Amino acid sequence: MFFSGAALAADPPKAPAKEAPKDLILKGDAKCTGCHDEADDTKPTMLDLRPSVLAIGKTKHGTVADGRTPTCTDCHGESEKHLSHKGSGKPPKPDRWFGKKSDTPVEARNGSCLTCHQGGARIGWQTSAHGTQDVACSSCHKVHAAKDKVRDKLTQTETCFTCHKEQRSQVNKPSHHPIVEGKMTCSSCHNVHGDNPKQLIKASTNETCYTCHMEKRGPFIHNHEPVSEDCGICHNPHGTTIANLLKSRPPFLCQDCHSGTNHHRSQVGALPANPNTSSGNLGTVGRGCLNCHTNIHGGNSTENTANAGRFRK
């Protein structure tokens, strides 16, 4: 067989067809991971605040065997302008992006999450304190991080304290719930996705406190009204400088309700003239309301009549 030189020049060999990119982690992620890989983001820090895009493969959002696992475009949108960008310039942002400086409306960002995470404890999100104040899910959660700080008991509080700085100060006061010690977390008492006004795990403050402090629940023969009404009347649950998380020291705390006009009024501001142990002389001057009223949360003594003095042993 004979081929002329002219024929060879007219039919140059065809280059092999470029192989289509394959999915790396998620179904259909090839059109994104063709450009976005480990080198796409800033080097991850020790706190994993800027994880690599592909780190999502180490999270529940990267569980390939789970049919509910979303794709890139389920969260970021089809983003046609972003995908079709040509040239060396910076491409436009995808339809929805979740960075700290994102200009995507919070409602749209949260809508991506609520598409799947709508039921259970999150069912009241839209009317919750966080939801109505335009807090984005991505403000607390890091979807691409292998370890979501807010879901880890050891690091959760730091996420909450980013905004709740007053509570950060309170939990470091001498009398506090063991939050800084790691025995409790914010979510031990709070449901941050719920529509409870105080975002508590139970319907009320007291019901939440009774989850651990069951001995204060009663019922008692003698009930102390503020105990039944709201534990927060006397206690600051995050922390105070007074023992037992009290808002102030007795008798000042007690005198917020039991003023000198109706309780131990003859003793206010007057020390007993001579040493004695009479409660009638010491009373509030000795700052010892709790020395006598030891069962301040409620008592069951049948001798605890109004005349004998309530909440005593």
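Computed from a prediction, not measured in an experiment: that's the story for all the values here.

**Focus: the overall build of the protein**
Then step 1. Broken down by element type, the protein carries 14 helices and two strands.
Then step 2. For the protein, buried positions account for 29% of its 313 residues.
Then step 3. Taking the contacts inside the protein whose residues are at least 6 apart along the sequence as the reference set, 44% of them involve residues at least 24 apart.
Then step 4. Counting only carbon and sulfur atoms, one obtains 57% of the accessible surface of the protein, whose full area is about 21,300 Å².

**Brief notes about unusual backbone geometry**
Then step 1. Residue Pro219 is reached from Gly218 by a cis peptide bond, and omega for that bond is 10°.
Then step 2. In this structure, the amide linkage connecting Pro250 to the following residue, Pro251, adopts the cis form with an omega of 10°.
Then step 3. Phi at Asp134 is positive, roughly 60°, even though this residue is not glycine.
Then step 4. Position of Asp134 among the secondary structure elements: in the loop between helix H6 (129–132) and helix H7 (137–140).

**Notes on the side chain of Gln199**
Then step 1. Checked against the element boundaries, Gln199 lands in the loop between helix H9 (165–170) and helix H10 (205–210).
Then step 2. Assessed through its relative accessible area of 7%, Gln199 is described here as buried.
Then step 3. With residues near it in sequence (within four places) discarded, Gln199 still touches Ser128, Ala129, His130, Cys189, His190, Asn191, Val192, His193 and Gly194.

**Remarks on the confidence of the model for the protein**
Then step 1. Here the protein averages 82 in pLDDT, while 77% of its residues score no lower than 70.
Then step 2. Between the elements of the protein, mean pLDDT differs from a low of 53, seen in helix H1 (residues 5–10), to a high of 96, seen in H9.

**Concerning the nonpolar core**
Then step 1. Counting six residues, the largest nonpolar core is built from Ile25, Leu26, Cys32, Leu54, Ile56 and Cys72.
Then step 2. In this view, Leu26 contacts His61, Gly62, Thr69, Pro70, Thr71 and Cys72; residues no more than four positions away in its chain are not counted.

**What about the pattern of salt bridges?**
Then step 1. Counted according to the given criterion, the structure contains seven salt bridges.
Then step 2. With its nearest N and O atoms 3.3 Å apart, the salt bridge here joins Glu158 to Arg168. Taken together, the positions of Glu158 in helix H8 (residues 156–161) and Arg168 in helix H9 put the pair 10 residues apart, joining distant regions of the chain.
Then step 3. Note on Arg168: relative accessible area 31%, which makes it partly exposed.
Then step 4. Its salt-bridge partner being Lys216, residue Glu215 comes within 2.5 Å of it at the nearest N-O pair.

**Some thoughts on the side chain of Arg109**
Then step 1. Position of Arg109 relative to the elements: it lies in helix H5 (residues 106–114).
Then step 2. The buried charged residue Arg109 lacks any salt bridge partner; its closest oppositely charged side chain belongs to Asp103, at an N-O distance of 7.6 Å.
Then step 3. With residues up to four places along the chain from it excluded, the contact list for Arg109 reads Trp97, Phe98, Gly99, Ser102, Thr104, Ala136 and Ser138.

**Regarding the environment of Lys198**
Then step 1. Of note, Lys198 is situated in the loop between H9 and H10.
Then step 2. Taking the C-alpha atoms as reference points, Lys198 and Ala129, separated by 69 residues in sequence, lie 7.9 Å from one another.
Then step 3. Apart from residues no more than four positions distant in its own chain, Lys198 is found in contact with His190, Thr205 and Asp230.
Then step 4. A polar contact of 3.3 Å, which involves the side chain of Lys198, links it to the side chain of Thr205.

**Side note on the environment of Cys209**
Then step 1. Positionally, Cys209 belongs in helix H10.
Then step 2. Overall, Cys209 belongs to the partly exposed group, its relative accessible area being 23%.
Then step 3. Spatially, the C-alpha atom of Cys209 lies 9.7 Å from that of Asp230, the residues being 21 residues apart in sequence.

**A look at H5**
One full turn of an α-helix is made of 3.6 residues, so residues set three or four places apart face in the same direction.
Then step 1. For H5, the full list of buried residues reads Val106, Arg109, Asn110, Ser112 and Leu114.
Then step 2. Of the surrounding secondary structure, the elements contacted by the buried residues of H5 are helix H3 (72–76) and H7.

**A word on the state of the cysteines**
Then step 1. Enumeration according to the criterion identifies zero disulfides in this entry.
Then step 2. Cys113 takes part in no disulfide bond, and the closest cysteine sulfur to it belongs to Cys137, at a distance of 4.0 Å.
Then step 3. The thiol sulfur of Cys160 is not disulfide-bonded, and the nearest other cysteine sulfur, from Cys186, lies at 3.7 Å.
Then step 4. In this structure Cys160 comes out as buried when scored by relative accessible area, which is 17%.

What counts, and at which threshold
Residues numbered from 1 in each chain as written. Predicted model: local features only at pLDDT ≥ 70, side-chain atom pairs only at ≥ 80, totals over all residues. Heavy atoms only, no water. Helix = DSSP H or I, 4+ residues; strand = E, 2+ residues; numbered from the N terminus. Buried < 20%, exposed > 50% of the residue type's maximum accessible area, 1.4 Å probe, protein only. Contact = heavy atoms within 4.5 Å. Areas by Shrake-Rupley, 256 points an atom, 1.4 Å probe, with all protein chains shown as cover. pLDDT = per-residue confidence, 0-100. Core = buried A, V, L, I, M, F, W, Y, C linked by side-chain atoms within 4.5 Å. Salt bridge = Lys/Arg side-chain N within 4 Å of Asp/Glu carboxyl O. Lys, Arg positive; Asp, Glu negative; His and termini not counted. Polar contact = N/O pair within 3.5 Å; in protein donor to acceptor, adjacent residues only side chain to side chain. Disulfide = S-S within 2.5 Å.

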